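# Remarks on the overall topology
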There are 2 protein chains.
Amino acid sequence: MRHTISVLVENKFGVLARIAGLFSSRGFNIDSLTVGETEEPAVSRMTIVVKGDDHILEQVMKQLNKLIDVIKVSDLTKKDHVERELVLIKVNANTDKRPEIMEIVGIFRARIIDVNTEIMTVEVTGAETKIDALIELLRPYGIRELIRTGKVAVVRGSK
Amino acid sequence: MRHTISVLVENKFGVLARIAGLFSSRGFNIDSLTVGETEEPAVSRMTIVVKGDDHILEQVMKQLNKLIDVIKVSDLTKKDHVERELVLIKVNANTDKRPEIMEIVGIFRARIIDVNTEIMTVEVTGAETKIDALIELLRPYGIRELIRTGKVAVVRGSK
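Quick caveat, the model's predicted, so the values are computed rather than measured. (Residues numbered from 1 in each chain as written. Chains lettered and ligands numbered in written order. Predicted model: local features only at pLDDT ≥ 70, side-chain atom pairs only at ≥ 80, totals over all residues. Heavy atoms only, no water.)

Of the transformation superimposing chain A on chain B, the axial component is 0.0 Å and the angular component is 180°, with the fit at an RMSD of 0.0 Å. What the superposition gives is, in effect, a two-fold axis relating one chain to the other. Both copies share a contact surface, since 100% of the interface residues of chain A are interface residues in chain B too. (Least-squares fit on C-alpha atoms with pLDDT ≥ 70 in both. Contact = heavy atoms within 4.5 Å.)

Packed helix pairs are specified by the crossing angle of their axes together with the interaxial distance, meaning the distance between the axes. Residue and element names in this part refer to chain A. It is at 10 Å that the axes of helix 1 (residues 15-25) and helix 2 (residues 54-66) come closest, and there the two elements cross at 155°. In terms of their interaxial angle, helix 1 and helix 2 are classed as roughly antiparallel. For the crossing formed where helix 1 meets helix 2, the hand is right-handed. Side by side, helix 1 and helix 2 meet where Ile 19, Leu 22 and Phe 23 of the first sit next to Leu 57, Val 60, Gln 63 and Leu 64 of the second. Across the contact of helix 1 with helix 2, the residue classes break down as 6 nonpolar, 1 polar and no charged. (Axes fitted to C-alpha atoms, helices over the stretch in contact; angles between N-to-C directions. Helix = DSSP H or I, 4+ residues; strand = E, 2+ residues; numbered from the N terminus. Parallel < 35°, antiparallel > 145°, perpendicular 65-115°, else oblique. Left-handed = near helix turned anticlockwise from the far one by under 90°. Nonpolar A, V, L, I, M, F, W, Y, C, P; charged D, E, K, R; others polar.)

With that settled, consider the domain arrangement of chain A. All names here are of chain A. Here chain A is partitioned into domain 1 (2-79) and domain 2 (82-155). The straight-line distance from the C-alpha centre of domain 1 to that of domain 2 is 28 Å. Each partner contributes residues to the interface: domain 1 has 9 residues there, and domain 2 has 8 residues. Summed over both partners, the interface of domain 1 with domain 2 comes to about 660 Å²; 57% of that surface belongs to carbon and sulfur atoms. On the domain 1 side of the contact with domain 2, Arg 2, Thr 34 and Leu 76 bury the most area, a combined 46% of that side's loss. Counting every contact that joins domain 1 to domain 2 gives 1 salt bridge. Across the pair Glu 128 and Arg 2 runs a salt bridge whose closest N-O atoms are separated by 3.2 Å. At the level of secondary structure, the elements contributing two or more residues to the side of domain 1 that touches domain 2 comprise strand 1 (2-10), strand 2 (29-37) and strand 3 (43-51). Broken down by class, the residue content of the side of domain 1 that touches domain 2 amounts to 3 nonpolar, 4 polar and 2 charged. (Domains from an automatic or database assignment. Buried area = accessible area lost by both parts, 1.4 Å probe. Salt bridge = Lys/Arg side-chain N within 4 Å of Asp/Glu carboxyl O.)

Moving on to the side chain of B:His81. All names here are of chain B. Looking at the secondary structure, you find His 81 in strand 5 (residues 81-92). Polar side-chain contacts of His 81 include one of 3.0 Å to the backbone oxygen of Leu 76. Here the side chain of His 81 touches Glu 83 through a polar contact of 2.9 Å, side chain to side chain. (Polar contact = N/O pair within 3.5 Å; in protein donor to acceptor, adjacent residues only side chain to side chain.)

Another point: the sheet that holds strand 4 (residues 70-75) of chain A. Remark on secondary structure: sheet strands pair via backbone hydrogen bonds, oriented parallel or antiparallel. The sheet built from 8 strands is open, its strands ordered 4(A)-1(A)-3(A)-2(A)-2(B)-3(B)-1(B)-4(B) with antiparallel pairing. The sheet is open, and its two borders are formed by strand 4 of chain A together with strand 4 (70-75) of chain B, each paired with just one other strand. Averaged over all neighbouring strand pairs, the angle between strand axes comes to 20°, with direction disregarded. As paired strands, strand 1 of chain A and strand 4 of chain A are joined by 5 bridges and run antiparallel to one another. Within the sheet, the bridge partner assigned to A:Ser6 lies in strand 4 of chain A and is A:Ser74. Here helix 1 of chain A sits on the sheet in contact with strand 1, strand 2, strand 3 and strand 4 of chain A together with strand 2 (29-37) of chain B, set at roughly 20° to strand 3 of chain A. (Pairing = 2+ DSSP bridges.)

Residue and element names in this part refer to chain A. In this structure, Arg 109 is a non-glycine residue whose phi angle is positive, near 50°. With respect to the helices, strands and loops of the structure, Arg 109 is situated in the loop between helix 3 (98-107) and strand 6 (111-115). Overall, Arg 109 belongs to the exposed group, its relative accessible area being 64%. (Buried < 20%, exposed > 50% of the residue type's maximum accessible area, 1.4 Å probe, protein only.)

We now examine the pairing of strand 1 (residues 2-10) of chain B. Residues and elements named next belong to chain B. Here strand 1 lies mainly inside the structure; 7 of its 9 residues are buried. Alignment of strand 1 against strand 3 (residues 43-51), held across 9 bridges, turns out to be antiparallel. Considered in strand 3, the bridge of Ser 6 is made with Thr 47.

On to helix 4 (residues 128-138) of chain B, then. Residues and elements named next belong to chain B. Where helix 4 is concerned, the buried positions are Ile 131, Leu 134, Ile 135 and Leu 138. On an axial view of helix 4, the arc spanned by its buried residues comes to 100°, and they lie on one face. Packing partners of the buried residues in helix 4 comprise strand 5, helix 3 (98-107), strand 7 (119-126) and strand 8 (143-148). (Arc of directions from axis to C-beta.)

Time to look at the interface of chain A and chain B. Accessible area lost on assembly of the parts is the figure often given for the size of an interface. If you look at the interface, chain A gives 55 residues, while chain B gives 55 residues. For the interface between chain A and chain B, the tally reads 6 salt bridges. Linking A:Arg45 and B:Glu145 is a salt bridge whose minimum nitrogen-to-oxygen distance equals 3.2 Å. Here chain A and chain B share 16 residue pairs in polar contact (both at pLDDT 80 or more) between them. Sort the elements by how many residues they give to the side of chain A that touches chain B and strand 2 of chain A lands first, with 9 residues. Per-class residue counts for the side of chain A that touches chain B are 20 nonpolar, 17 polar and 18 charged.

In structure tokens form, the structure reads like this:
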């Protein structure tokens, strides 16, 4: 099963490498990973999406909890949460195709962030299914580059 | 100086840990890091924002290029590029404060993705300066949680 794991860590050298290493040494492939600052500059949050055996994942989470630089580990998959991802899509768009692409972009509430005579760069945020649907619609025009941030997630309601 | 490094890698076990380890062993702290799939499922793109000595960074990039699972390394800081980040902000918002917060959200073209009687969760994308400005405006209401994807970047124009 696929899990979205949130890890609060002290923002120090080597923490990221150690945590990524823990997952890979247990045979988990990381589908996506993001690390960014939180409301406290000394603390970073990692959001890791992994697929693999549930029992082994529980062990990995226990091991993570033992690392001194790890503040909190939670499996958001088990909680009511909102997931979001940011994706940049560079798509072929000559003058003929531009109106069609702009229509698709409008329907998905995506935004055009760069354009030249041949190419448009589209920014979209949302849950995975929405993003995948947009990518499928843009694919026939020719996608030059696709850049995904990986998922972030937040638990609904109060902390 | 701060650099935004893009690394295309084979989507394999352990690659992420090895690359993160390379930066931390050379004394670089990673400000943000994202990993996600590209247009080819077997290939992932890492976007890494690091601060540190320029000469050592050049050495690290050469070392990265030698790793067999690394396809391409580029320092986007040197190229004309667009940077974007997705941030989720959970902010205190009781009935009294809600209209003020919604006004701020509107000005920044941010979006409300969750709401209850006490809290709103706001989603915003953009360059760092815009995001930082929004955070400063929301801070007085009380930020409960702040979740950043870390930066992604795309070179302007054709590949």
